[in-house]
Amino acid sequence: MPKPKSPRRPSRSHSSSSDSRWQRWRWRLLQAALIGLAVLIAWMFYLNAVVRERFEGQRFTIPARVYSEAQELYAGAPLSVDQAQALLEQLGYRASDRINQPGRFQRSGQTLHVHTRGFNFWDEVEPSRILTLDFSGHSLQSVTDVSNDPILLARLDPLFIGQVYPGNREDRLLMPLQVMPPTLVAGLIVVEDRHFFEHHGVSITGIARALWANITSGSIEQGGSTLTQQLVKNLYLSSEQTLWRKGNEALMALLMEWHYDKATILEAYLNEVYVGQQGQRSVNGFGLGAQFFFGTPLPALDLHQQALLVGMIKGPSYYNPRRNPERALERRNLVLRLWYENGIIEDLDYQQAIRQPLDISTAPGQASYPAFMDLVRRQLAEGYRKEDLLAEGLTVFTTLNPLAQLGLEHAVERRLPEVEASAGPGDELETAALVTRPSTGDVLAMLGGRRPEVAGFNRALDARRSIGSLMKPAVYLAALEQGYTLATPISDAEVTVSGADGKLWQPRNYDKESHGNPLLIDALANSYNQATARLGMEVGLANVFDVIDRLGIDETPPPVPAVMLGAHGLSPFQVAQYFQTISGNGFYTPLNAIRAVVHPQQGVLQRFDLSVEQRFDPEQVFLLQDALHQVTLTGTARSLQWRLPQDWWLAGKTGTTDDNRDAWFAGYSGDRQAVVWVGRDNNAPMALTGSSGALPIWAELMRELEPIQERRGQPVRVDYLPVNDSGAVVPQRCDGARLLPFVVGTEPDNQRRCNADGPASDATDQNVEKPSIWERLFN
């Protein structure tokens, strides 16, 4: 029987080989671990630098915020109750039975009760307060507080009109943690991260709870991220659902909690969280969210409003109260219940809050004026770097007057379709217009096209069109400086001028007729081309072009006679600057859209104070203004006599170019000047003139603005004398005699009797009636 074989023992060499392989694997694993640890440490150093650089430097990119001028409230302010209510509605104030919150108002007949929001202006802080405004007609009669004590001066908060260089399109109002409602802060933690003060950036229990909820539901129901992780994601990372992003988020959250305390992290979250969208502008932070949805500053929100903001964080689009009110209401009430169950609010507060409506404002609290904002950007670019405007959080106070802008838009909306119906076939009409304040050069309103909300080509600044007869006042002002008077007869016969190139210039009147020897004032009032061309040649082109330059046109037109009749292209903005010197009594004031620029820490960086330079004697400009007033009485703009109240003092000039390609009107009344252009973008002809195309819009605009009719100042060296149609001084009782202003020493030498060609006797001279003060001021 064979002997069984004994089992084989492993050889020493085989055992040694296995141990060697295991040793090599352990070494490789150790090497990999060491390399991984080194990479992790290096990556942690990198993430640490990223976290600290952003958090300790420019934490938020805050574009410059741009505001309108503020409405001043004082006894005697030129403001009607309807205008005041329209302004409040523009600002996002809401009519309410109770004015317990800032941003609410109540109207009773000619009285408004307003709970103002308050505002940090560039010169002082305006407090929030409850005011009673009593109106009578077109005037604010009194301003009193809740104790019925008179208030000398108060200001409404300005209208937010946009951002300069918005970059990533994020917008926010930074607010310190101390001023935020305690219930909102505590309620946020209860809803979003109830263990916020216990974890160190990442909550293991929160992750486990969210994982279990997602597994049991079969869908992504909970995220498990802490507030710190949410802040990290918003500040540094994208929203992609990957393990790499989640890993970086957790590491950066740990680093953030290591470096910064809970209060700092919480304040950053409250200012960063995304709550809504307005076009391309994202609404970030509860400070801006309160104004965007409720028209009320964050510290003044009621409990039900605070709960809605907190509830929207879960899904700002899904729970948008303007688009999905039922979802938003259900979510808000859930948040309120959580607050009650966790002891944030009492039972009575809870019961009152859930009975409240959503209470959302209809207006988001921002206006859109792209043409005016274009001007602001251009003027800011002259003194500020784009980087500063993008990130420094500057506040820009502008000259825009919301009521004037609203009036301009209404005027175009009402009158342009009527004008277009008379324009004949062709492309649609376009328009551009500006409203300015003659005394300061402030740009109060601007329109770059017939659709005010559309950004793009800004015709008010960039459309250079021939201005036609708008250039004529420069010719007549040059003549007045050379010793001519408004009563000087000038020839309106046909004229031919030979240019340097040998070409002949033969201007004709619009009606193709000659008009004898009209007085200078009538030649301008009726816009006679032939008389203007003759006058300009007699005065001398050099003198005319000198006046054009001093009036403020910021370029040198070609030195040809045709420029005197407007054969040169200017933008509406340039025309407004040119007329500004006339309406400003001969003082040149650069048109300006900015009042002040304020830095959040450094205070006022720049004030745009009034800049004035006297370029003409007030006497000659006063005479020119009288001639432009005659334009509105008997000249090409005489339709204003029935379009506007006859007791208004108006001055202006129509402008029509060859083939009726452009229609203009520039003029002023009181302390409001406006320039209106109407034409086609393709420069095609239209069946319109300045008086039929632009003037109707200008008149409607002035009716909206209701300029104050102040007494017109008269220079000491100007006196009024009665003259006849040949320019001779006659007794005032004579038929056809009219009062014209003269600079003392330039009065006509020839004096006549009534209906007589011979000189007046000494007795007649003594019987010339002196005009009354009223006639001197307003005739």
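In what follows, the structure referred to is the one given above.
Read on for a plain summary of the structure. Since this is a predicted model, take the numbers as computed values, not measurements. (Residues numbered from 1 in each chain as written. Predicted model: local features only at pLDDT ≥ 70, side-chain atom pairs only at ≥ 80, totals over all residues. Heavy atoms only, no water.)

Turning next to the overall build of the chain. Tallying secondary structure elements over the chain gives 25 helices and 30 strands in all. Going through the 779 residues of the chain one by one, you find that 52% of them count as buried. Of the roughly 36,100 Å² of accessible surface on the chain, a fraction of 51% belongs to carbon and sulfur atoms. (Helix = DSSP H or I, 4+ residues; strand = E, 2+ residues; numbered from the N terminus. Buried < 20%, exposed > 50% of the residue type's maximum accessible area, 1.4 Å probe, protein only. Areas by Shrake-Rupley, 256 points an atom, 1.4 Å probe, with all protein chains shown as cover.)

Here the focus is the sheet that holds strand S3 (residues 94-95). Taken together, the 5 strands give an open sheet; going across it, the order is S3-S4-S5-S8-S9, and neighbouring strands pair in mixed fashion. Strand pairing shows two members of the sheet lacking a second neighbour, S3 and strand S9 (139-144), which therefore form its edges. Examined bridge by bridge, strand S8 (residues 130-136) and S9 share 5 bridges and lie antiparallel to one another. Its bridge partner lying in S9, aspartate 134 is registered against serine 142. (Pairing = 2+ DSSP bridges.)

As enumerated under the stated definition, the model contains 14 aromatic pairs in all. Plain terms: the ring middles of phenylalanine 292 and phenylalanine 293 are 4.9 Å apart, the flat faces sit at 85° to each other, and that makes the pair edge-to-face. Accessibility assignment for this pair places phenylalanine 292 and phenylalanine 293 in one class, buried. Cluster of aromatic residues (ring-pair linked, three or more members): Tyr67, Phe119, Phe121, Phe160 and Phe397. In this structure, arginine 155 packs its charged tip against the face of phenylalanine 121, placed 4.1 Å from the ring centre. Cation over ring: arginine 712 sits above phenylalanine 622, and NZ or CZ is 3.9 Å from the ring centre. (Phe/Tyr/Trp six-rings, centres within 6.5 Å; stacked < 30°, edge-to-face > 60°. Lys NZ or Arg CZ within 6 Å of the ring centre and 35° of its normal.)

The grouping of Trp27, Leu30 and Leu34 at the surface amounts to a nonpolar patch, some 320 Å² of accessible area in total. By the secondary structure assignment, leucine 34 is in helix H1 (residues 12-56). (Patch = residues over 30% accessible without salt bridge, like charges linked within 9 Å, V, L, I, M, F, W, Y side chains within 5 Å. Salt bridge = Lys/Arg side-chain N within 4 Å of Asp/Glu carboxyl O.)

Now for the state of the cysteines. Each disulfide consists of one covalent bond between the sulfur atoms belonging to two cysteines. For the structure on display, the rule yields 1 disulfide. Disulfide pairing is shown between cysteine 734 and cysteine 754; the S-S distance is 1.6 Å. Taking the sign of the S-S torsion, -85° for the link of cysteine 734 and cysteine 754, the bridge is left-handed. With cysteine 734 in the loop between strand S29 (718-723) and strand S30 (738-743) and cysteine 754 in the loop between S30 and helix H24 (762-766), this residue pair connects regions lying 20 residues apart in the sequence. When its relative accessible area of 9% is taken as the criterion, cysteine 734 is described as buried. Look at cysteine 754 and you get partly exposed, because its relative accessible area is 29%. (Disulfide = S-S within 2.5 Å.)

Another point: the environment of arginine 52. Within the element layout of this structure, arginine 52 appears in helix H1. The class for arginine 52 is partly exposed, based on a relative accessible area of 34%. Residues arginine 52 and methionine 256, 204 residues apart in the sequence, show an inter-C-alpha distance of 7.9 Å.

Let us look at the sheet that holds strand S11 (residues 160-164). In spatial order, the strands read S11-S1-S15-S23-S24; together these 5 strands make up an open sheet with mixed pairing. Sheet topology places S11 and strand S24 (603-607) at the edges, where each strand pairs with a single neighbour. Taken over all neighbouring pairs, the strand axes of this sheet differ in orientation by 25° on average, direction set aside. Both strand S1 (residues 64-67) and S11 contribute to a ladder of 4 bridges, which runs antiparallel. Residue pairing across strands places alanine 64 opposite valine 164, the latter belonging to S11. Against the sheet, helix H12 (residues 370-381) makes contact with S1, S11, strand S15 (395-398) and strand S23 (594-599), and its axis sits at roughly 45° relative to S11, the strand it touches most. (Axes fitted to C-alpha atoms, helices over the stretch in contact; angles between N-to-C directions. Contact = heavy atoms within 4.5 Å.)

By the criterion of burial, strand S17 (residues 442-447) is predominantly enclosed, with 6 of the 6 residues buried. Where strand S16 (residues 430-437) meets S17, 5 bridges bridge the pair, whose relative direction is antiparallel. When the sheet's bridge partners are listed, valine 435 is paired in S17 with alanine 445. Connecting the antiparallel pair S16 and S17 is a turn made up of 4 residues, with glycine 441 showing a positive phi of about 80°.

This next bit is on the packing of helix H2 (residues 81-90) against helix H14 (residues 402-421). Contact pair H2 / H14: the axes reach a minimum separation of 10 Å and the direction vectors enclose 95°. Judged on the interaxial angle alone, H14 and H2 are roughly perpendicular. Touching Gln83, Ala86, Leu87 and Gln90 of H2 are Pro402, Leu403 and Leu406, all from H14. The residue inventory of the contact of H2 with H14, partitioned by class, reads 5 nonpolar, 2 polar and no charged. (Parallel < 35°, antiparallel > 145°, perpendicular 65-115°, else oblique. Nonpolar A, V, L, I, M, F, W, Y, C, P; charged D, E, K, R; others polar.)

Quick look at the pairing of strand S13 (residues 274-278) now. Pairing geometry for S13 and strand S14 (residues 281-284), over 4 bridges, is antiparallel. Directly across from glycine 276, in S14, lies its bridge partner valine 283. Counting the residues in the hairpin turn of S13 and S14 gives 2 residues, including glycine 279, whose phi is positive at 65°.

The next thing to look at is the pattern of salt bridges. Summed over the entire model, instances satisfying the criterion amount to 36 salt bridges. Glutamate 69 is the salt-bridge partner of arginine 437, the closest N and O atoms lying 3.5 Å from each other. Note that arginine 437 is positioned in strand S16 and glutamate 69 in the loop between S1 and strand S2 (72-73), a separation of 368 residues in sequence. For the residue pair arginine 437 and glutamate 69, the accessibility class agrees, reading buried in each case. A salt bridge links aspartate 659 to arginine 661; its shortest N-O distance comes to 3.2 Å. The class for aspartate 659 is partly exposed, based on a relative accessible area of 48%. A relative accessible area of 26% means that arginine 661 is categorised as partly exposed. Put simply, Arg414, Arg415, Glu418, Glu700 and Glu704 are held in one network by salt bridges that share partners.

Here aspartate 554 lies in the loop between helix H19 (541-551) and strand S21 (569-570). Under the relative-accessibility criterion, aspartate 554 is labelled exposed at 61%. Between the alpha carbons of aspartate 554 and tyrosine 578 there is a distance of 9.0 Å; along the sequence they are 24 residues apart. At a separation of 2.8 Å, a polar atom in the side chain of aspartate 554 contacts the side chain of glutamine 574. (Polar contact = N/O pair within 3.5 Å; in protein donor to acceptor, adjacent residues only side chain to side chain.)

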